[in-house]
Each structure stands twice: as structure tokens, then as C-alpha cells.
Amino acid sequence: TDIELGDYAHYMLKEIFEQPNSIENAMRGRLDEDEATAKFGGLNLSSQQLRHIDRIVLTACGTSWHAAMVGEYLIEEFARIPVEVEYASELRYRNPPLNDRTMIFAITQSGETADTLAAMRECKRKGHPTLAICNVVGSSIAREADGGVYLHAGSEVGVASTKAFTSQVTVLTLLALFFGRMRHMSWQAGRNIIRELRTMPEHVERTLKCHDVVQEIADKYHRCSNFLYLGRLYNFPVALEGALKLKEISYIHAEGYPAAEMKHGPLALVDENTPSVFIVPKGGIYPKVISNLEEVKARKGPVIAIACEGDDRIADLADDVIYVPETDECLQPLVTSIPLQLLAYHIALLRGCNVDRPRNLAKSVTVE
Ligand code: G6P
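Since the structure is predicted, the reported quantities are computational estimates derived from the model, not experimental observations.

Here is what the cut-offs are and how they apply
- Residues numbered from 1 in each chain as written.
- Predicted model: local features only at pLDDT ≥ 70, side-chain atom pairs only at ≥ 80, totals over all residues.
- Helix = DSSP H or I, 4+ residues; strand = E, 2+ residues; numbered from the N terminus.
- Rg over C-alpha atoms; globule rule 2.2 N^0.38 Å.
- Contact = placed C-beta atoms within 7 Å.
- Pairing = 2+ DSSP bridges.
- Axes fitted to C-alpha atoms, helices over the stretch in contact; angles between N-to-C directions.
- Expected span 1.5 Å × (residues − 1).
- Buried ≥ 20, exposed ≤ 12 C-beta atoms within 10 Å, placed from the backbone.
- Arc of directions from axis to C-beta.
- Near = placed C-beta within 6 Å.
- Nonpolar A, V, L, I, M, F, W, Y, C, P; charged D, E, K, R; others polar.
- pLDDT = per-residue confidence, 0-100.
- Core = buried A, V, L, I, M, F, W, Y, C linked by C-beta atoms within 7 Å.
- Parallel < 35°, antiparallel > 145°, perpendicular 65-115°, else oblique.
- Left-handed = near helix turned anticlockwise from the far one by under 90°.
- Right-handed = clockwise from strand over helix to strand, strands pointing away.

Caption draft 1: The arrangement of the overall build of the chain in detail. For the chain, the count of helices and strands is 14 helices and twelve strands. A compact globule built from 368 residues would reach a C-alpha radius of gyration of about 21 Å, and the chain, at 20 Å, matches this within 12%. Summarising its shape, the C-alpha atoms of the chain cover approximately 55 × 45 × 40 Å along the three principal directions. Within the chain, contacts between residues at least 6 apart in sequence are counted, and of these 75% link residues at least 24 apart.

As C-alpha cells, this is what we get:
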């Protein structure tokens, strides 16, 4: 079964290495090359209803909330539908003005998170189409939703979510494509996304080759007590997720920030012992992220860069570099998040932490 550990030391490591497959499984049967769109069996809404939607709310907790943030950027970019991302624990007690053209997605690996379930029920009570993006088949949220999309990532055992995150991002990319193609997106643009998605499992496989380099970097920095994670646009949620991974399993304090915001606070934390992880792959905003990186270097902060293969400038600017394959900007989170998972894993190991079962945390939080 997929919950045997095999040759891996921990479930978390096994699950990180499963990602070429789990991403493939999230796309299986859902790409329609001819129509240049995605297709889903279980949305349970008519195309008329789907076209009527003029606002989407994504609600989740923890890592799933970070996937939702990537989803917001994707859906707004591809489909031009306004999206809001809400912590389920907040949404359930708020009274946001939703109307009958608002669609809700609850995003959850386990399908059992109490706050996510309660937020979903609250939205259903008010009559909004409420769908789930969920991994565990037959879970409470999957059963109560009006419809939804399964991740098919296989069981995730490590408390810190890894493969579920990339599967959620993959499914949200497909949804963005689907809504986009019902609205403004051209056939050609849809085809380009599909082509990039098709090569994603290979890109991820190649990204995993950074394992040795990441181990060396972990060795160098594992005694630090603070880390910053900085990225912009699609890589801002990746920065949040990288920081969360480190916090969860190594108990090191880490903060994720949009790189340009650091001058409004976090820059004050930078010193020789506070590494900054910069997610700086190629893209339109690359020079801007580099200038943020240089500001950190000027304050003597060590910089670990996640950059694209072929970036021949970055090695001179950063102390350490982890290279990832180049892909479309909007799909970068699927590759850039992977070295951050490995970095958290190795730092936690070196600090003697229980990576699969971190203290005080639970795999699914079934209490409020
Ligand atoms: C817990 C887990 C996290 C997870 C979060 C949301 O905090 O430790 O890894 O991201 O719950 O879980 P869900 O199953 O709803 O995605």
C-alpha cells in the first residue's frame, strides 16, 4: 500500500519524493487537449451555473490556506474572477456579504479539519454552492460538499503537509484553466498551460535532484534561531509555506513575507545569524527581487536563493543557491516549494526533531 515506508527514513521524505507521481495523479484524466481546458467529473453544477459565478471564496487552514493563496493568483489571472482567501476559522464567525453568484471552495487534505467543516456548513446554510478540494475520499467535508475535486495524492502520513500542497496547487491550476476557458482565455493560452503542466512531473523529478545540495545548506544553517522566507507574486505563498514547514518541524522561528515588504519591518531582524531564503526564479519581476536580495546582503544577512537553472548571476549574489528548472511563472510554486520542504526536513533532522510527528501538532485538527 502507499502507506508503507519502504526505503525512506521518514514519511515526510517519502511524501516529498512522491510528488512527481502525486502531481501526475491530480491531473490524470482532467486535461482536455482538444478544447485546451480542464474537465472535472464532480463539480455537480450546470455550465450555466458555472458561467454565472462572479466571485469565488477559497477557505482553508494551514498549508491548505497557502495553496488557496496560489489559487487566488491563478484564478484571477486566468479567469478574471475576483477571489478571496479566508481562514476557515475566521470565515465561520464572520458574516461576509456573499450572494448567489458566489462560489465557495473548501480546501483540505484530510477533509476533517473542524474549522473548515464549520465554515463550509455556514456557507451551505446560506445557500451558496460549496465545493471541496480534498484528498481523503469519503471524509466529512467530501461528503457534505455539493461537489468537488479529489486530489488522488494517496495517504499523507507526515503531520507537515507536503504532497497534498502541490496537488492542491495543481487542482487549483486546473480550475483556473477551466474557469478561464469559459471566459476570456484563448485556446492557445490554454494549450500553453496544458503543455507546461504535462512536463511538470519531469520538472519536479529534476528538482528533487537538489537533495544533496539542500543537505549541505541545512548543515550550514541548522543552528540559526530565526529565518526569513521572501518571495513575490506566485512565490509569496511559497515563502509563507516554506516558513511554516520550518516552524512546524524544526521549531525554529521563521517568517514568510512578500520580498518587497521586508523593508517595512522584517529587515530589522537581519543580521549575520539570520538567513533569508529568497525565492527568485526567472520572471518579469526578477530584477525587483534581486534588488530586495541585495538590501539583505548589504546588512550582512546570509542569503539562500532558490533560482532557475541557467541563472548565471545569482551565485555571485547569494551565499548558497538551489537551482530549479524553469517553468511558466504561474506554475513556479510547484517546483520552488520542493527545496523548501527538503530544507525544513533536513534542518529538523539535524536538530534531532521528530519530523513526522512534531510536538503539539496534529495531522488533522478536529477541534475548534
Ligand atoms: C494541520 C496539519 C497541517 C494542515 C492543516 C490543515 O494543522 O498539521 O499540515 O495543513 O491541519 O489540514 P487540512 O487537512 O484541512 O488540509
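From this point, things continue past the structure.
Caption draft 2: View of the sheet that holds strand β7 (residues 147–150). Taken together, the five strands give an open sheet; going across it, the order is β4-β3-β5-β6-β7, and neighbouring strands pair in parallel fashion. Here the strands that pair on one side only, and so sit at the sheet edges, are β4 (83–87) and β7. The mean inter-strand angle of the sheet, taken between neighbouring strand axes irrespective of direction, is 20 degrees. Examined bridge by bridge, strand β3 (residues 55–60) and strand β5 (residues 102–108) share five bridges and lie parallel to one another. Note that in β5 the partner of Leu 58 across the bridge is Phe 105. Running over the sheet, helix α4 (residues 62–79) touches β3, β4 and β5 and is turned about 170 degrees from β4. Helix-sheet contacts for helix α6 (residues 114–125) involve β3, β5 and β6 (130–134), and the interaxial angle to β5 is about 165 degrees.

Caption draft 3: Layout of helix α12 (residues 286–298). In this model α12 runs 18 Å from its N-terminal to its C-terminal C-alpha over 13 residues, within 8% of the 18 Å that 1.5 Å per residue would give. Taken residue by residue, α12 has Val 289, Ile 290, Asn 292, Leu 293 and Val 296 as its buried positions. Angularly, the buried residues of α12 cover 160 degrees about the axis, an arc narrow enough to put them on a single face. In α12, those exposed residues whose orientation departs by more than 90 degrees from the buried face are Pro 287, Ser 291, Glu 294 and Ala 298. Against the buried residues of α12 lie β8 (226–231), β10 (276–279), β11 (303–308) and α13 (314–317).

Caption draft 4: The arrangement of the site of the ligand in detail. The local shell around the ligand holds 16 residues, among which Gly 62, Thr 63, Thr 108, Ser 110 and Thr 113 are the closest. In terms of residue count, the dominant contributor to the shell around the ligand is α4 (three residues). Of the residues assigned to the shell around the ligand, the class counts are five nonpolar, ten polar and one charged.

Caption draft 5: Structural view of the pairing of β10. Alternating positions in β10 separate into two faces, Ser 276 and Phe 278 on one and Val 277 and Ile 279 on the other, with burial throughout. Here β8 pairs with β10 via three bridges, running parallel. Its bridge partner lying in β10, Leu 228 is registered against Ser 276. Summarising the sheet, β10 and β11 pair through four bridges and their orientation is parallel. Residue pairing for β11: Val 277 is matched across the bridge by Ile 304.

Caption draft 6: Looking closely at the confidence of the model for the chain. On average, residues of the chain score 96 in pLDDT, and 99% of them are at 70 or above. Confidence metrics for the complex model read pTM 0.97 and ipTM 0.97.

Caption draft 7: Focus on the nonpolar core. Among the nonpolar cores identified, the biggest contains 123 residues, and Ala 106, Leu 230, Phe 278, Val 280 and Ala 305 are the most heavily contacted of them. Once residues lying within four places of it in the same chain are set aside, the contact partners of Phe 278 are Leu 230, Ala 259, Val 289, Leu 293, Val 303, Ala 305, Ile 306 and Ala 318.

Caption draft 8: Just the sheet that holds strand β9 (residues 253–258), in detail. If you trace the five strands from one edge of the open sheet to the other, you get β9-β8-β10-β11-β12, paired in parallel fashion. Unpaired on one side and paired on the other, β9 and β12 (320–324) mark the two borders of the sheet. Mean inter-strand twist for the sheet, computed between neighbouring axes without regard to direction, equals 15 degrees. Most of the contacts of helix α11 (residues 235–250) go to β9, to which it runs at about 175 degrees, and overall it touches β8, β9 and β10.

Caption draft 9: Main features of the packing of helix α2 (residues 19–27) against helix α9 (residues 187–207). Packing of α2 against α9 leaves a shortest axis separation of 8 Å and a crossing angle of 165 degrees. As judged from the angle between their axes, α2 and α9 are roughly antiparallel. For the pair α2 and α9, the crossing hand works out as right-handed. Along the contact surface, α2 presents Gln 19, Pro 20, Ile 23, Glu 24 and Met 27, while α9 presents Leu 197, Met 200, Pro 201, Val 204 and Glu 205. Here the contact of α2 with α9 is composed, by residue class, of seven nonpolar, one polar and two charged.

Caption draft 10: Just the pairing of β4, in detail. Here β3 pairs with β4 via five bridges, running parallel. Bridge pairing in β4 links Ala 60 to Tyr 87. What joins β3 to β4 is α4, and the crossover it makes is right-handed.

Caption draft 11: Representation of the environment of Val 303 within the structure. Take Val 303: it is sitting in strand β11. Not counting residues up to four positions away in its chain, the partners in contact with Val 303 are Ser 276, Phe 278, Leu 293, Val 296, Lys 297, Ala 318 and Asp 319.

Caption draft 12: How the structure looks around the environment of Gly 29. Positionally, Gly 29 belongs in the loop between α2 and β1 (31–32). Residue classification places Gly 29 among the exposed positions, given that 10 C-beta atoms sit within 10 Å. Along the backbone, Gly 29 and Phe 40 are eleven residues apart, and their C-alpha atoms lie at a distance of 8.5 Å.

Caption draft 13: Expanded view of unusual backbone geometry. Positive phi is not limited to glycine here, since His 152 has a value of about 55 degrees. Summarising the element assignment, His 152 is placed in the loop between β7 and α8 (163–181). In this structure His 152 comes out as partly exposed when scored by C-beta crowding, with 18 C-beta atoms within 10 Å. Backbone geometry at Leu 233 places phi at a positive 50 degrees, although glycine is not the residue there.

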